[in-house]
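Observations on the model geometry
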Amino acid sequence: MDNFCGKKWIIVAIAIGIFVPMLIAYFGFHYTNIGYQLLVMLALLIIGVLDDIYDLSATLRLLLEIALMWFFIWSTHAQIDDFHGLFSINDILSVYTALPLSIIAGVGILNAINFIDGIDGYSSGFGIVANILFATTFFMVGDIASGLFSI
């Protein structure tokens with residue numbers, strides 16, 4: 001519990017740093033899927049805090065992450081449905097392929113960042129670089145709202 005008490009203000013600051021821009025994107029740029037993103041991110045934040053306090057089992061956390069990723073993909077239809085020629089694969093027409101692939105990718109990325117977080121400061125630097133690359137890409141294709149959101 002002592003370890004959590006020292007981190008609670010950092011967790012709150014990170015949550016505010018994430019949720020405030022999302023609310024600005026929702027109201028300022030009419031991002032319709034922000035509500036689902038906020039809900040899933042809040043649930044992941046709660047799971048993380050509960051894990052810090054009660055040391056949840058890895059299996060329970062994994063099952064909750066899979067359920068949340070399924071909910072997000074099902075709600076927003078934001079799934080991997082095209083590889084754009086990578087490995088000579090283009091469109092993925094079947095939802096029975098796209099949905100599990102998207103869930104595996106989402107949970108995999110979530111846990112990869114969580115593993116990187118074990119090295120102090122590395123995940124923050126990695127996140128900053130990734131968001132700068134995302135912002136640059138979004139600006140290059142003309143999606144100003146997503147670029148600003150990435151910043």
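Below or above, wherever it landed, is the structure these notes cover. Here the structure is a predicted model, which is why all the values come from computation and not from measurement.

Each pair of packed helices gets described by two things: the angle between the helix axes and the distance between those axes. Direction vectors running N to C along helix α2 (residues 34-54) and helix α3 (residues 58-76) enclose 175 degrees, while the axes themselves pass 10 Å from each other. Comparing the axis directions of α2 and α3 gives the class roughly antiparallel. Taking contact as the criterion, the partners of Tyr 36, Gln 37, Leu 39, Val 40, Ala 43, Leu 44, Ile 47 and Asp 51 in α2 are, on α3, Arg 61, Leu 64, Glu 65, Leu 68, Phe 71, Phe 72, Ser 75 and Thr 76.

The residue Thr 32 is located in the loop between α1 (2-29) and α2 in this model. Along the backbone, Thr 32 and Thr 76 are 44 residues apart, and their C-alpha atoms lie at a distance of 9.0 Å.

Turning to α3, a few remarks are in order. Two residues of an α-helix separated by three or four positions point the same way, owing to the 3.6 residues in each turn. Here α3 spans 27 Å end to end across 19 residues, near enough to the 27 Å set by a 1.5 Å rise per residue. Those residues of α3 lying buried are Glu 65, Leu 68, Met 69, Phe 72, Ile 73, Ser 75 and Thr 76. Along the axis of α3, the buried residues cluster in a sector spanning 165 degrees; they form a single face. Opposite the packed face of α3, turned more than 90 degrees from it, sit the exposed residues Thr 59, Leu 63 and Trp 74. Once α3 finishes, His 77 follows within two positions and takes phi at roughly 60 degrees, a positive value.

The rules behind each value
- Residues numbered from 1 in each chain as written.
- Predicted model: local features only at pLDDT ≥ 70, side-chain atom pairs only at ≥ 80, totals over all residues.
- Heavy atoms only, no water.
- Axes fitted to C-alpha atoms, helices over the stretch in contact; angles between N-to-C directions.
- Helix = DSSP H or I, 4+ residues; strand = E, 2+ residues; numbered from the N terminus.
- Parallel < 35°, antiparallel > 145°, perpendicular 65-115°, else oblique.
- Contact = heavy atoms within 4.5 Å.
- Expected span 1.5 Å × (residues − 1).
- Buried < 20%, exposed > 50% of the residue type's maximum accessible area, 1.4 Å probe, protein only.
- Arc of directions from axis to C-beta.

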